[in-house]
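Take a look at the letters that make up each chain.
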Amino acid sequence: DTGVSQNPRHKITKRGQNVTFRCDPISEHNRLYWYRQTLGQGPEFLTYFQNEAQLEKSRLLSDRFSAERPKGSFSTLEIQRTEQGDSAMYLCASSPSQGAGEAFFGQGTRLTVV
Amino acid sequence: QQQVKQSPQSLIVQKGGISIINCAYENTAFDYFPWYQQFPGKGPALLIAIRPDVSEKKEGRFTISFNKSAKQFSLHIMDSQPGDSATYFCAASPLYAGNMLTFGGGTRLMVKP
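In what follows, the accompanying structure is described. Bear in mind the structure is a predicted one, so any value in this text is a computation, not a measurement. (Residues numbered from 1 in each chain as written. Chains lettered and ligands numbered in written order. Predicted model: local features only at pLDDT ≥ 70, side-chain atom pairs only at ≥ 80, totals over all residues. Heavy atoms only, no water.)

## A closer look at the overall build of chain B
So, point 1. A tally of regular secondary structure across chain B gives zero helices and 11 strands.
So, point 2. Taken from N to C terminus, the helices and strands of chain B fall in the order β-β-β-β-β-β-β-β-β-β-β.
So, point 3. Its C-alpha radius of gyration of 13 Å places chain B within 12% of the 13 Å reference for a compact globule of 113 residues.
So, point 4. Expressed as lengths along the three principal axes of its C-alpha atoms, the size of chain B is roughly 40 × 30 × 20 Å. (Helix = DSSP H or I, 4+ residues; strand = E, 2+ residues; numbered from the N terminus. Rg over C-alpha atoms; globule rule 2.2 N^0.38 Å.)

This is the structure:
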């Protein structure tokens, strides 16, 4: 399967704990995106990488959130001091670098903060 | 403000009927308009996309109609099938921003056999 892979699929954590999610994009895709989707809502853009450079960050991305994409390959999204409001599906997508090519989404990581 | 408004929130259609979902946007910088289909527990999957240089695009049973002056676009699903039952999202972005998409709120479609 050469699609976008996200791990873990599910994560339950206690409030105040730190969590980290991983995304492996389609290998030839230079662009990588993180979105957050709450129940019954559309995905909301969080941040975007072109290769290893983080080019855009949404105002939604508080200081407790940090994303990296070392060497322009996989990416990690870390949430520090989790809050109940962080409970959501975290989606990763990748696309080619030319224009608005099709964005392929992973199946997401569902985070539940208890 | 970057916002995409989608309607209806839910839709029930008989098998063989036409499903119509509408979206409106405000940001005139938007020039890429995709539609995504999402099944429970899955990530969104691109169905069809349009750029504002055309007013309509058709792929199989799916058609996007685009009205640039009204800043509206819609998805038509012809001959709707039970397998089309899913949540549909419209989205928009400026072309220069690739897939930094602004999504609508979604439409939950149920196609009754």
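## Remarks on the overall build of chain A
So, point 1. A tally of regular secondary structure across chain A gives zero helices and 11 strands.
So, point 2. Secondary structure of chain A in N-to-C order comes out as β-β-β-β-β-β-β-β-β-β-β.
So, point 3. Taking as baseline every contact in chain A between residues at least 6 positions apart, the subset at least 24 positions apart corresponds to 52%.
So, point 4. Surface exposure of chain A reaches about 5,800 Å², of which carbon and sulfur atoms provide 44%.
So, point 5. Taking the 14 positively charged and 12 negatively charged side chains of chain A as two groups, their mean positions are separated by 6 Å. (Contact = heavy atoms within 4.5 Å. Areas by Shrake-Rupley, 256 points an atom, 1.4 Å probe, with all protein chains shown as cover. Lys, Arg positive; Asp, Glu negative; His and termini not counted. Charge placed at Lys NZ, Arg CZ, Asp CG, Glu CD.)

## A look at the interface of chain B and chain A
Frequently, the measure chosen for interface size is the accessible area removed from exposure when the parts meet.
So, point 1. The interface of chain B with chain A comprises 18 residues on the first partner and 22 residues on the second.
So, point 2. Contact between chain B and chain A buries roughly 1,600 Å² in total, counting both sides, with carbon and sulfur atoms accounting for 55%.
So, point 3. The interface formed by chain B and chain A holds zero salt bridges in total.
So, point 4. Where chain B meets chain A, there are four residue pairs in polar contact (both at pLDDT 80 or more).
So, point 5. Residue composition of the side of chain B that touches chain A, by class: nine nonpolar, seven polar and two charged. (Buried area = accessible area lost by both parts, 1.4 Å probe. Salt bridge = Lys/Arg side-chain N within 4 Å of Asp/Glu carboxyl O. Polar contact = N/O pair within 3.5 Å; in protein donor to acceptor, adjacent residues only side chain to side chain. Nonpolar A, V, L, I, M, F, W, Y, C, P; charged D, E, K, R; others polar.)

## Remarks on the side chain of A:T109
All names here are of chain A.
So, point 1. Tracing the chain through its elements places T109 in strand β11 (residues 109-113).
So, point 2. Take T109: its relative accessible area is 0%, and that puts it in the buried class.
So, point 3. A distance of 2.5 Å separates the side chain of T109 from the backbone oxygen of P8, its partner in a polar contact.
So, point 4. Those residues in contact with T109 that sit more than four places away from it in its chain are Q6, N7, P8, R9, F21, A88, M89 and Y90. (Buried < 20%, exposed > 50% of the residue type's maximum accessible area, 1.4 Å probe, protein only.)

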